[in-house]
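Analysis of the macromolecular model
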Amino acid sequence: MKITRRTIVKTGVGLGAGLALGASSARHAHADDGSATPFDDSTVRTLARDLASKSYKPPRKDLPDALAHMSFDQFSAVQFNSEKALWKQDNLAFDVEFFPRGYLYKQLIDVYEVHDGTARPVNYTADMFTSKDPSLNLTGGEGFSGLRIRYALNHPGVMEECAVFLGASYFRAVAKGQTYGLSARGFAKDTGTPTGEEFPTFRSFWLEKPVPGSQSLILHALMDSPSLTGAFRFTIRPGETTLFDVQSSFFPRTDITAGGIAPLTGMYYFDANDRTHINDWRPAAHDSEALQIWTGAGQNIYRPLTNPTDLQLSSFSDAGPYGYGLMQRKRNFHDYEDLALHYEKRPSLWVEPIGNWGEGGVQLVEIPTPSEVNDNIVSFWRPNQPLKAGQIYNFTYRMYWGWDTPWPTHLARIHDTRVGAVTDHPEKVQFVLDFDGEPFRTLPGDTAYHLLAQSSAGEISAITIMPNPEINGVRAFFQLDPGAAKLCELHVQLASAQGPLSETWLYRWTA
């Protein structure tokens, strides 16, 4: 499963799965003459339910050759005329711009504006797009492939892109002061499995016109794929942390055993814990550095990401989790030294289930990548019970696009993970963990710390703990001798005489 990130790196716009997508099937539910049709919160659910009762029809891909075979640079050269933005002249907190069809985005999506209980199509006009490339003929490319939501996020009165929906069911957002990084999507099916992944697509969007003064925007989306349909209601609130309240309903056409709810997708290339075969002048390169989980039992798990030699699948079983997310904790420019990509400004994304999701597990898929151009990290919630054809499944959750988790912790936190060789003992692996956080500000200065460390295989030895005044915390050293094992699952907590006082550091070491 290779997911290109070229557009993400160069323009901050998600490429999704790089699929060639076609026209929407929801158009029949609305008047083709531009007249208004009734709309309420049940409309998209009804469309999704009815669509699931019919056989899947692949979307159309018809475009003139010049647009269908557009290069990345040509696609990037096409610009939307901001004067044509939806609600541009209405003095609202939001306006909406659109993406053209072409390159990897051939799908014609339907877009509707909802106002006073009715929906009207947002119509394409020839003067919406222009190209910096004089050789590119945009004729015949009518319609949109995606949309961007704008808001005065960083400066009063200056409209800036704060969220994008483009490609399959991918979307992304930023908080104040951030740049684009990881993505989310509507549903994940067969991710990391030998059968190959299926990528559902958002085929239609409905944008509710905000009332004057409103700082939130409601967007509805209809999702479709060979295996299921879905209805989504997003309430979007940009700010210091950008919030998405998501109500989703799924209507499987077939039984789904390897489905993923609230999937997150990002990139991890390398850092101090994993530089195998990496010859790069920078200290690190990644959208996210760790998977973090707050389990239903109250355990705080911190699992640093890796760029493995072989595809790795990890499952963290749980019942009623409080949340999970792909996190970016390193926020200093010198952590990355990249003047162009500014990984220190990329969002962390935390998912908070609303209501009890029952028994299941947070899944983590780590895919080998030879560069930072590919999205190679996926995480999602997988229910223990398969999604059955003909049934309805509802999941509600809140997404926090921001600088950290939305809740404070009294526990010591992992500040850094470093992995390297042991001098004169090539069979061993050296681990160095830095801890910081509240305990080091509140416990007596003479507190004695020790490490609770175990491994599923091999032997842990040479544990040493010392103060780290550079971060007002402590540094812990230990060595792993894996013996004949090719894989070791490591479990570490910092503790005092009163018991554990840090989050739980989990790590998968592979030979």
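Residues numbered from 1 in each chain as written. Predicted model: local features only at pLDDT ≥ 70, side-chain atom pairs only at ≥ 80, totals over all residues. Heavy atoms only, no water.

**Looking at the environment of Ala-126**
Following the sequence through the fold, Ala-126 ends up in the loop between β6 (118–121) and β7 (129–131). In sequence terms Ala-126 and Leu-138 are twelve residues apart; their C-alpha atoms lie 8.7 Å from each other. (Helix = DSSP H or I, 4+ residues; strand = E, 2+ residues; numbered from the N terminus.)

**With respect to the sheet that holds strand β29 (residues 412–421)**
The antiparallel open sheet is built from four strands, whose spatial order is β29-β30-β33-β32. Strands with a single pairing partner mark the edges of an open sheet, and in this sheet they are β29 and β32 (459–468). The mean angle between the axes of side-by-side strands here comes to 20°, regardless of whether they run parallel or antiparallel. Here β29 pairs with strand β30 (residues 429–437) via nine bridges, running antiparallel. Paired with Ala-412 across the two strands is Gly-437, which belongs to β30. (Pairing = 2+ DSSP bridges. Axes fitted to C-alpha atoms, helices over the stretch in contact; angles between N-to-C directions.)

**Some details on the packing of aromatic side chains**
In total, this model carries 43 aromatic pairs according to the counting rule given. Aromatic pair Phe-232 and Phe-234: ring centres 5.7 Å apart, planes at 5°, arrangement stacked. You can call Phe-232 buried: its relative accessible area is 2%. Judged by relative accessible area, Phe-234 falls into the buried class, the value being 0%. Pairing Trp-357 with Trp-381 gives two aromatic rings, centres 6.2 Å apart and planes at 55°, and the pair type is tilted. Of this pair, Trp-357 sits in the loop between β24 (348–354) and β25 (359–366) while Trp-381 sits in strand β27 (residues 377–383), placing them 24 residues apart in sequence. (Phe/Tyr/Trp six-rings, centres within 6.5 Å; stacked < 30°, edge-to-face > 60°. Buried < 20%, exposed > 50% of the residue type's maximum accessible area, 1.4 Å probe, protein only.)

**Here we look at the confidence of the model for the protein chain**
Per-residue confidence for the protein chain averages 92 on the pLDDT scale, and 93% of its residues sit at or above 70. Across residues 1–32, confidence stays below pLDDT 50; counting only partners more than four residues off in sequence or on other chains, it has 117 contacts. (pLDDT = per-residue confidence, 0-100. Contact = heavy atoms within 4.5 Å.)

**Some remarks on the pattern of salt bridges**
Here the idea is simple: oppositely charged side chains can pair when their charged atoms come close. Counting across every chain of the model gives 28 salt bridges. Here Glu-97 makes a salt bridge to Arg-150, at a shortest N to O gap of 3.6 Å. Taken together, the positions of Glu-97 in strand β4 (residues 94–99) and Arg-150 in strand β8 (residues 146–151) put the pair 53 residues apart, joining distant regions of the chain. Here the two residues Glu-97 and Arg-150 agree in accessibility, since each one is buried. The salt bridge involving Asp-287 is made with Arg-346; its shortest N-O contact spans 2.7 Å. (Salt bridge = Lys/Arg side-chain N within 4 Å of Asp/Glu carboxyl O.)

**Section: the pairing of strand β13 (residues 201–208)**
Counted residue by residue, β13 has seven buried out of eight residues, so it is predominantly covered. Two strands pair when backbone bridges link them, and strand β5 (residues 110–115) and β13 are joined in this way by five bridges, in the parallel orientation. In the strand pairing of β13, Glu-113 is matched with Leu-207. Strand direction decides the pairing type here: β13 and strand β14 (residues 217–224), joined by seven bridges, are antiparallel. Paired with Thr-201 across the two strands is Asp-224, which belongs to β14.

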